[in-house]
Amino acid sequence: MSLSVEQFKKDYKKSFETMFVNSYDEGSVDQQFHALGNLVRTYIADEWRNARQHYIDKKVKQVYYFSMEFLPGRQLKSNLYNMGILDTAKEGLEELGLDFKTIAESEVDPGLGNGGLGRLASCFMDSMASLGIPGHGSGIRYRYGLFQQKFIDGYQVELPDNWLRNGNVWEVRNSNDAVIVRIGGNVWMRPDGTGGLEPVYENTKNILAVPYDIPSIGYNNVSINTLRLWSAELPPEEEDKYFSIEEAEKIKEITEVLYPDDSNYEGRLLRLKQEYFLVSAGVQSILRHYKKYNLPRKNIPDKIAIHINDTHPALVIPELMRILLDEEKLSWDKAWEITKKTCSYTNHTLLREAMETWPVDMVKELLPRMYQIIEEINRRHIEKKTPLYGRRLTNSTSIIQNGQIHMAHLSIIGSHSINGVAQLHSNLLKDEVLADFAEMYPYKFNNKTNGITQRRWLHLANPELTELITDNIGPEWKTNPAELKVLKGYEKSDEVLERLAEVKLHNKQRLAAYIQEHTGLKVDPTALFDVQIKRLHAYKRQHLQALHILDRYLQIKENPEIDMQPRVFIFGAKAAPSYLYAKQIIKVINAIGEVVNNDPDVGDKIKVVFFENYGVSLAEKIIPAADISEQISLAGKEASGTGNMKLMLNGALTMATLDGANVEIRDYVGEENMFLFGLTTEEVYEYYRNGTYSSREIYESNPRLKRALDALVDGTIPNIEEEGRVLFDSLIQYNDEYFVLKDFDSFIEAQKRADELYRDKKAWSQKSLINIASSGPFSADYTIQRYADEIWKAQPQGELTENRVHSFDEPI
Ligand code: 26Q
């Protein structure tokens, strides 16, 4: 939008003064933030409503992205930026004597997700709006987000995340669109008088699902979509039915808190309630909206695409069936055709322990109608497939096995597309984990490599780098990120390389100041900043990095005069509260930090910073300052990774195993521009097959590694008697599930190459530049374009579609 500074100032004052009945220069920072947020909302109100109406008038196909998690990050800056008025607002506020940075930083960062999967959902929201694709999010408005993490004595402590304490300016409570979700009770079928059957529900619990809508504003105002988050409430007309406060509380409990686990499935009843609550509210609201199109029900798949973000919302499939059968009175075959054509599913994990299954008894009791439908889907699957594929394949693909409902099986059978999130991951799904399904439904399997929004992760997080790029190659890359490759032409320009090094140094100085302010630790901004930020999990191998630090420390103790490239090891990671081993790794790393940071022999050679409460906002500060990006999971475990893409885009060099999207990073950037090490997926699978891995053998034959491991248990690092021992035993006694010892040598060797390269400032900057220039393909805009073209069949809308990204060359 176009807006003068003068107009903005006027509008801001008015917004403030009507909200707080006070003069604009007398408010608190929080009030200033709310006045600004409110102003943004008024600016977009018409367009938001128009966009909705336009979709109805033109009967356009709409995409609904169902996800139990969203991690949007702070919205103020990105909304103003996408509206094209960020600079105007900054200037106007400054003229009013207000500090934009302080106001923006006062916004809470909604932690409605655990990590990669939730952040991906939000990157996708940004890209859908920016490409003009009518795509909406459907999620849960958790009253408490992911816990706030503190360290006490080096241990993780979890505190509740009361993110709604001061309200949420971005949301609109839409009580008009509330729906009833029924759980529990009994259901039985009776003749409906027309020759069919209809279900009769008895003694159900009725829950009012109230939507809170948040605008998702496209870059350059291409379009405004909606993130609809549902909240569970007591239906007013039934208040008297609930005789106790406890029972009323039980209703609200459904959307009370996000489950803080992202890798270990646990069959909790409340989690199942949450999943069905989201699904039922979302699907009902979509079908209600579809009625406004005045089209026959068979056209549903032409106008609606429902995407299932991992299996968590997989009940979309039986819920859509339920409505089509019970309420719309369609035949099974017709309902099933519509359902399959409407739904699509993304898998995000290769870990067996993360695959979702629910006990039959639990589903029967909580969701009796869902169970009947799932059972019938399964019965028909077996009946139809057995003659075609035989018993073995039919049994291994069936939805109900050994008293458990397999949600991935339901998702594949009930949808027309299943995709992995990186090429390697999609191949492993097809060839290993879900091979039996691939045999039955080869046409459903496809890959959609993840992507990230360059707007949040470069334009906003790293304005200096953004300016450098635009100054050299012009602004075209901003709407067409593939154009970043033009930067490669500057590989030999001393001027550009020096400026790039300077930008990185500034970002590191800012992060160093932040570290000092928040941890008291002083770090040297000219040291190499080595960053590992992601959830804490054994497969991601933060403990491999810990052994690397110990190795360096022991070298220094052996020879305090040693010439070593100074490094700052930066960690950010939350562990699931129930994941003891991950918490023990946190304690060990903090204890190592305590020793290393205070040993005068070490000085600036090593510093260890473990940030508390890692999340989107902290990532925005750390990523622009990273020199090395640690992507060191055991090959074959990380589905994709997206932090790897964000760090590369900001000029970090990747230290990586050939896992997840690292493989594609290698394809684009070239292996000479990163540090590869470790086993390949094939080698890992070979070990699984022949069972010959022996970590103890490696321990006993590798004195350097032995020395680092022994430091965990010999008192070198104090205060980790228990945790050091647990870690040591897992690696030696219990044969090192994630092959940390096997990859140690090649990791250390790769780190040495990094040190050597870092001494050659120009060579480092060249590689950094090549990384930035090669990261265009990882824009979520391309990923979304592929989802839209190949899975959803959704078209971009609006006059501004020329801002849409252009076609992009496929990788070599
Ligand atoms: C399931 C059942 C009960 C409770 C919790 C869960 C649960 C919640 C979240 C299971 C998994 C998750 C999150 C998984 C996740 O974030 N996976 C990551 O997804 C990214 C985006 O595709 C990938 O880049 C990462 O590789 C993958 O680990």
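In this report, the structure presented in the accompanying data block is examined. (Residues numbered from 1 in each chain as written. Predicted model: local features only at pLDDT ≥ 70, side-chain atom pairs only at ≥ 80, totals over all residues. Heavy atoms only, no water.)

## So, helix H8 (residues 269–290)
Working step 1: Over its 22 residues, H8 extends 32 Å from the first C-alpha to the last, a length consistent with the 32 Å expected when each residue adds 1.5 Å.
Working step 2: Taking burial as the measure, the 22 residues of H8 include 19 buried ones, the bulk of the element. (Helix = DSSP H or I, 4+ residues; strand = E, 2+ residues; numbered from the N terminus. Expected span 1.5 Å × (residues − 1). Buried < 20%, exposed > 50% of the residue type's maximum accessible area, 1.4 Å probe, protein only.)

## Description of the pairing of strand E9 (residues 205–217)
Working step 1: Where burial is concerned, most of E9 is hidden: 12 out of the 13 residues are buried.
Working step 2: Pairing of strand E5 (residues 172–173) with E9 involves two bridges; the strand directions are antiparallel. Directly across from Arg173, in E9, lies its bridge partner Tyr212.
Working step 3: For strand E6 (residues 179–183) and E9, the ladder comprises five bridges, and the chain directions are antiparallel. By the bridge assignment, Val181 is partnered in E9 with Ile207.
Working step 4: From the end of E9 to the start of strand E10 (residues 224–233), which pair antiparallel, there are six residues, and Asn220 there has a positive phi angle of about 65°. (Pairing = 2+ DSSP bridges.)

## Structural notes on a negative patch on the surface
Working step 1: Where like charges cluster on the molecular surface, the negative patch consists of Asp87, Glu91, Glu94 and Asp99.
Working step 2: On the secondary structure map, Asp87 appears in helix H4 (residues 86–95). (Patch = residues over 30% accessible without salt bridge, like charges linked within 9 Å, V, L, I, M, F, W, Y side chains within 5 Å. Areas by Shrake-Rupley, 256 points an atom, 1.4 Å probe, with all protein chains shown as cover. Salt bridge = Lys/Arg side-chain N within 4 Å of Asp/Glu carboxyl O. Lys, Arg positive; Asp, Glu negative; His and termini not counted. Charge placed at Lys NZ, Arg CZ, Asp CG, Glu CD.)

## A closer look at the site of the ligand
Working step 1: The immediate surroundings of the ligand are formed by 18 residues, with Leu117, His348, Asn450, Glu638 and Gly641 found nearest.
Working step 2: Tyr539 is positioned such that a nitrogen or oxygen atom in its side chain is 3.3 Å from an oxygen atom of the ligand.
Working step 3: The backbone of Gly641 places a nitrogen or oxygen atom 2.8 Å from an oxygen atom of the ligand.
Working step 4: In isolation the ligand exposes 620 Å². Once the protein is present, 93% of that is buried.
Working step 5: The biggest single contributor to the shell around the ligand is helix H6 (residues 116–131), with three residues.
Working step 6: A breakdown of the residues in the shell around the ligand according to their chemical character gives six nonpolar, seven polar and five charged.
Working step 7: Both domain 2 (59–74 + 109–449 + 798–803) and domain 3 (500–769) contribute no fewer than three residues apiece to the shell around the ligand. (Near = heavy atom within 4 Å. Polar contact = N/O pair within 3.5 Å; in protein donor to acceptor, adjacent residues only side chain to side chain. Nonpolar A, V, L, I, M, F, W, Y, C, P; charged D, E, K, R; others polar. Domains from an automatic or database assignment.)

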